[in-house]
Amino acid sequence: MDELVFIVTPEDDGGFSASCSLPDGLIATQGDNWPDLEKMVRDAVACHFGKDAPTKVRLRLARESVLSLATA
């Protein structure tokens, strides 16, 4: 595995959460701001994989919006 993809979601109370689905489980973490999240993702990947960690991690920001399309 050369690259991991974490789905990042903004939290309602501030900060971000990130998760990456793997065949053997899930890596999940959170951070109070973007630089903190990056550090936490690096730490989580290192803890999960040890010396066999992938060389790239992609952080994909997911935002959800609900639009009202009702007409008067």
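Before reading further, recall that the structure is shown in the block above.
In this text, all values refer to a predicted model and were calculated from it rather than measured experimentally.

1. Regarding the sheet that holds strand S1 (residues 3-10)
- The sheet built from 4 strands is open, its strands ordered S3-S2-S1-S4 with mixed pairing. One side of each edge strand has no neighbouring strand; the edge strands of this open sheet are strand S3 (25-31) and strand S4 (56-61). In this sheet, adjacent strand axes meet at a mean angle of 25 degrees when their direction is disregarded.
- In this sheet, S3 lies alongside strand S2 (residues 16-22) in antiparallel orientation, the contact comprising 7 bridges. What sits directly across from Cys20, in S3, is Ile27.
- Across the sheet, helix H1 (residues 34-49) is in contact with S1, S2, S3 and S4; its angle to S3 comes to roughly 150 degrees.

2. Description of H1
- For H1, with 16 residues, the first-to-last C-alpha span of 22 Å sits near the 22 Å given by 1.5 Å per residue.
- Every buried residue of H1 is listed here: Leu37, Val41, Ala44 and Val45. Projected onto a plane normal to the axis of H1, the buried residues spread over an arc of 100 degrees and lie on a single side. For H1, exposure combined with an orientation more than 90 degrees from the buried face picks out Pro35, Arg42 and Cys47.
- One or two positions beyond H1, positive phi appears at Gly50, with a value near 65 degrees.

3. As for the nonpolar core
- Of all hydrophobic cores here, the largest spans 12 residues; its members are Leu4, Phe6, Val8, Phe16, Ala18, Cys20, Leu22, Ile27, Leu37, Val41, Ala44 and Val45.
- Listed by contribution, the elements that provide at least two residues to this core are S1, S2 and H1.
- Once residues within four sequence positions are removed from consideration, Val45 is found in contact with Leu4, Phe6, Gly50, Ala53, Pro54 and Val57.

4. Re the environment of Met1
- By the secondary structure assignment, Met1 is in the segment before S1.
- Residue contacts for Met1: discarding those within four places in its chain leaves Leu22, Pro23 and Pro54.

5. Things to note about the layout of surface pockets
- By volume, the largest pocket amounts to about 200 Å³.
- Contributing to the lining of the largest pocket are Glu38, Val41, Arg42, Val45, Pro54, Thr55, Lys56, Val57 and Leu59.
- Of all the elements in the fold, those that place two or more residues in the lining of the largest pocket are H1 and S4.
- Considering each element in turn, the lining of the largest pocket owes the most residues, 4 residues, to H1.
- Along the lines of polarity and charge, the residues of the lining of the largest pocket split into 5 nonpolar, 1 polar and 3 charged.

Rules of the game
Residues numbered from 1 in each chain as written. Predicted model: local features only at pLDDT ≥ 70, side-chain atom pairs only at ≥ 80, totals over all residues. Heavy atoms only, no water. Pairing = 2+ DSSP bridges. Helix = DSSP H or I, 4+ residues; strand = E, 2+ residues; numbered from the N terminus. Axes fitted to C-alpha atoms, helices over the stretch in contact; angles between N-to-C directions. Contact = heavy atoms within 4.5 Å. Expected span 1.5 Å × (residues − 1). Buried < 20%, exposed > 50% of the residue type's maximum accessible area, 1.4 Å probe, protein only. Arc of directions from axis to C-beta. Core = buried A, V, L, I, M, F, W, Y, C linked by side-chain atoms within 4.5 Å. 1 Å grid on protein atoms, 1.4 Å probe; cavity = no way out; pocket = protein on both sides within 12 Å on 5 of 7 lines; lining within 4 Å. Points joined across faces, edges and corners; volume = space filled by probe spheres on them. Nonpolar A, V, L, I, M, F, W, Y, C, P; charged D, E, K, R; others polar.

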